[in-house]
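These are the residues of each chain, in order.
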Amino acid sequence: MKYEHLLFDLDNTLYPASSEMDKGITRRMLECVADFFKCDMETAIKIRAERIVHYSTTLEWLRSEGLKDVEAFLAHVHPENEADELQPQPRLREFLISLKMPMSILTNAPHEHSDRVLQKLGVADLFMAVTDIRDAKFNGKPYPDSYMAALQKVGAKIQNTLFLDDMTKYTDGWAALGGTAVLIGNKNGKALSDDAKSMQKARLANKTGIKGQTIRLNSIYELQTIL
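(A) Spotlight on the environment of valine 70. Relative to the assigned elements, valine 70 resides in helix α4 (residues 70-77). By relative accessible area, which is 9% here, valine 70 ends up buried. Distance from valine 70 to phenylalanine 138, taken between C-alpha atoms, is 8.7 Å for residues 68 residues apart in sequence. Discounting residues that sit within four places of it in the chain, valine 70 has contacts with Leu59, Arg63 and Phe138.

(B) Focus on helix α3 (residues 58-65). By the burial criterion, the buried members of α3 are Thr58, Leu59, Glu60, Trp61 and Leu62. Residues of α3 that are buried in the fold lie against α1 (20-37), α2 (41-51) and α4. Among the residues trailing α3, glycine 66 stands out with phi positive, at a value near 120°.

(C) Fine view of the side chain of threonine 161. Residue placement: threonine 161 occurs in strand β4 (residues 161-165). Within the structure, threonine 161 has its side chain in polar contact with the backbone oxygen of lysine 157 (distance 2.7 Å). Sequence-distant contacts of threonine 161, defined by excluding residues within four places in its chain, comprise Tyr3, His5, Leu7, Leu151, Ala156, Trp174 and Thr180.

(D) Focus on the packing of α3 against α4. Look at α3 against α4: their axes get within 11 Å of each other, and the N-to-C directions meet at 145°. Regarding α3 and α4, the two cross each other, and that crossing is right-handed. Counted together, Thr58, Leu59, Leu62 and Arg63 of α3 and Val70, Phe73 and Leu74 of α4 form the full contact between these two elements. When grouped by side-chain class, the residues that make up the contact of α3 with α4 number five nonpolar, one polar and one charged.

(E) Structural detail: the sheet that holds strand β2 (residues 103-106). If you walk across this open sheet you meet the six strands as β3-β2-β1-β4-β5-β6, and the pairing is parallel. Every interior strand has two partners, whereas the edge strands, β3 (130-131) and β6 (213-217), have only one. Taken together, the three bridges between strand β1 (residues 5-8) and β2 define a ladder with parallel strand orientation. Bridging across to β2, leucine 7 finds its partner in serine 104.

Conventions used here
Residues numbered from 1 in each chain as written. Predicted model: local features only at pLDDT ≥ 70, side-chain atom pairs only at ≥ 80, totals over all residues. Heavy atoms only, no water. Helix = DSSP H or I, 4+ residues; strand = E, 2+ residues; numbered from the N terminus. Buried < 20%, exposed > 50% of the residue type's maximum accessible area, 1.4 Å probe, protein only. Contact = heavy atoms within 4.5 Å. Polar contact = N/O pair within 3.5 Å; in protein donor to acceptor, adjacent residues only side chain to side chain. Axes fitted to C-alpha atoms, helices over the stretch in contact; angles between N-to-C directions. Left-handed = near helix turned anticlockwise from the far one by under 90°. Nonpolar A, V, L, I, M, F, W, Y, C, P; charged D, E, K, R; others polar. Pairing = 2+ DSSP bridges.

These values are about where atoms sit, not about what they do.
Structure (structure tokens):
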């Protein structure tokens, strides 16, 4: 199949999952969980691990539990200095340019986070658009509206767009819609449980009957092997 557009996840896809930024995001997210449930960090880790398999994001889960101040959650998880934790990726810009294809970003983080990361990596000008969690009305990947919003921004179609992400549940969501996804890396988290609303909606949204597929690569730098 000839792909005409590349739709990238941001965190742990454009940069490695070993980055200090990922650790910082996870720590601050767990701080929000601990604060919401009035518990210690150890308990917060346990509760999140047990319940997150039913939800697309920690934010969706906490909202289902009664979290109201979404903007406060996003501000804590993504402070202004967060990009200080991100290590430079000297190969990235040259590699993305070498692909010679239109590209955009789909992230479950807010726009301010993607702006900081793309500026720090020196690649912001290479992407046509960024679709963030607010664009998806706080129901991000793998809700079908999230993927559709990203495609609509750039006038692309799922059949000729290759989607790249580091999380199984998000590549599963794209494949459920009939698209081809690339799962980046080795530590890719758990698939969503069968009762997850996001995956149920993704399956129902596929009216074409086309069965999607997922390809696994160790990093985006292997992408040229399948284009």
